[in-house]
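Fold and contact review
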Amino acid sequence: MRLGATIPNFTAETTQGRIKFYDWLGDSWAVLFSHPADFTPVCTTELGRIAVHDHEFKKRGVKVIAHSCDKLRSHTDWVNVRHQIVLSGYSRRLSLPIIGDEKRELAVLLDMIYEDSKDNEEAALTVRALYIIGPDKKLKLSMQYPASTGRNVDEILRVIDSLQLTTRLKVVATPANWTPGTKVMILPHVKDEDLPKLFPKGVEKISMPSGITYVRTTTDY
Ligand code: BEZ
């Protein structure tokens, strides 16, 4: 699962019925994320947080699908008894599908397991893998967290914003700790003479100690 790899067109059973991945994805962006197990506290907060931000994913045209190696029945029990709401205080219903991968085939196919349990069929816990997939079905960004560390949904939305912006503009990249509306970096291969046409509202050139002007920023996007 290297960046740029094409996600295979897998078939999966989900809490919302069987899906063929490409049909489900359509022309959208997608977040596919695994959690280690149902009825566990950190996973509960993650699903709760994602439910709270449901409209943020929709606004960005991003479909979200969850995964674990539990049985489908376990997923539906977990969601139906609304443990995520009781535990995390989020008063939202979960609208996303959850893949039931009890044979852990998808977990293996998509590289979502620990190194030391990859050949052990009994070890069903996945890591907290999260893949952002483009409309071209290619992997754009990958995060892998251990079971001990819950993910930050604000960071997931931030990197989606970066990916969508840089895909649209092609000649910029977002700097460390970037947030939407703040300065972006112009890629080094862009010629100075092309800047006025590309960014009519202006570009700032930063003087560097080396004397080489390779840091050029803009908020014109
Ligand atoms: C949790 O979600 O709380 C969790 C799941 C598996 C291992 C450790 C923590």
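So, here is what we can say about the structure in this document. (Residues numbered from 1 in each chain as written. Predicted model: local features only at pLDDT ≥ 70, side-chain atom pairs only at ≥ 80, totals over all residues. Heavy atoms only, no water.)

Description of the sheet that holds strand β10 (residues 204–206)
Selection rule: Pairing between strands is defined by DSSP: at least two bridges between the two strands are required. Per the convention used, a helix needs a DSSP run of H or I reaching at least four residues, while a strand needs a run of E reaching at least two, with both numbered from the N terminus.
Pairing in this open sheet of four strands is antiparallel, and the strands run β8-β9-β11-β10 from one edge to the other. At either end of the open sheet lies a strand with only one pairing partner, and these are β8 (172–173) and β10. Direction of pairing for β10 relative to strand β11 (residues 215–218): antiparallel, over a ladder of three bridges. Looking across to β11, one finds that Glu204 is bridged to Thr217.

A short note on the site of the ligand
Rule in force here: Whether a residue is near a molecule or strand depends on its heavy atoms: if one lies within 4 Å, it is near. We call two N or O atoms a polar contact when they sit within 3.5 Å, provided that within protein one can donate a hydrogen and the other can accept it, with sequence-adjacent residues counted only if both atoms are side-chain atoms. Exposure was quantified through the Shrake-Rupley algorithm and a 1.4 Å probe, taking into account, for residues, occlusion by the shown protein chains and nothing else. Amino acids outside the nonpolar list (Ala, Val, Leu, Ile, Met, Phe, Trp, Tyr, Cys, Pro) and the charged list (Asp, Glu, Lys, Arg) are all regarded as polar, and Gly is one of them.
Around the ligand, a shell composed of Pro36, Thr40, Pro41, Val42, Cys43, Arg128 and Ala147 is seen. One of the backbone nitrogen or oxygen atoms of Val42 is found 2.7 Å away from an oxygen atom of the ligand. Take Arg128: an N or O atom from its side chain is 3.1 Å from an oxygen atom of the ligand. Expressed as a share of its isolated accessible area of 260 Å², the protein-covered part of the ligand is 75%. Residue contributions to the shell around the ligand peak at three residues, all from helix α2 (residues 41–52). Of the residues belonging to the shell around the ligand, the class tally is five nonpolar, one polar and one charged.

Describing the environment of Pro200
Within the secondary structure, Pro200 is located in the loop between α8 (195–198) and β10. Distance in space between the C-alpha atoms of Pro200 and Thr218 is 10.0 Å, their sequence separation being 18 residues.

As for the environment of Trp78
Note the threshold: Only protein chains enter the area calculation, which uses a 1.4 Å probe; residues under 20% of their type maximum are buried, those over 50% are exposed, and those in between are partly exposed.
Locating Trp78 in the fold gives a position in helix α4 (residues 72–80). For Trp78, a relative accessible area of 1% puts it in the buried group. Separated by 34 residues in sequence, Trp78 and Thr44 place their C-alpha atoms 9.1 Å apart.

Describing the side chain of His75
What counts here: In this description, contact between two residues means that some pair of their heavy atoms is separated by no more than 4.5 Å.
Following the sequence through the fold, His75 ends up in helix α4. A relative accessible area of 0% means that His75 is categorised as buried. In this structure, His75 is in contact with Thr15, His35, Asp38, Ser68, Asp70, Ile98, Ile99 and Gly100, ignoring residues within four places of it in sequence.

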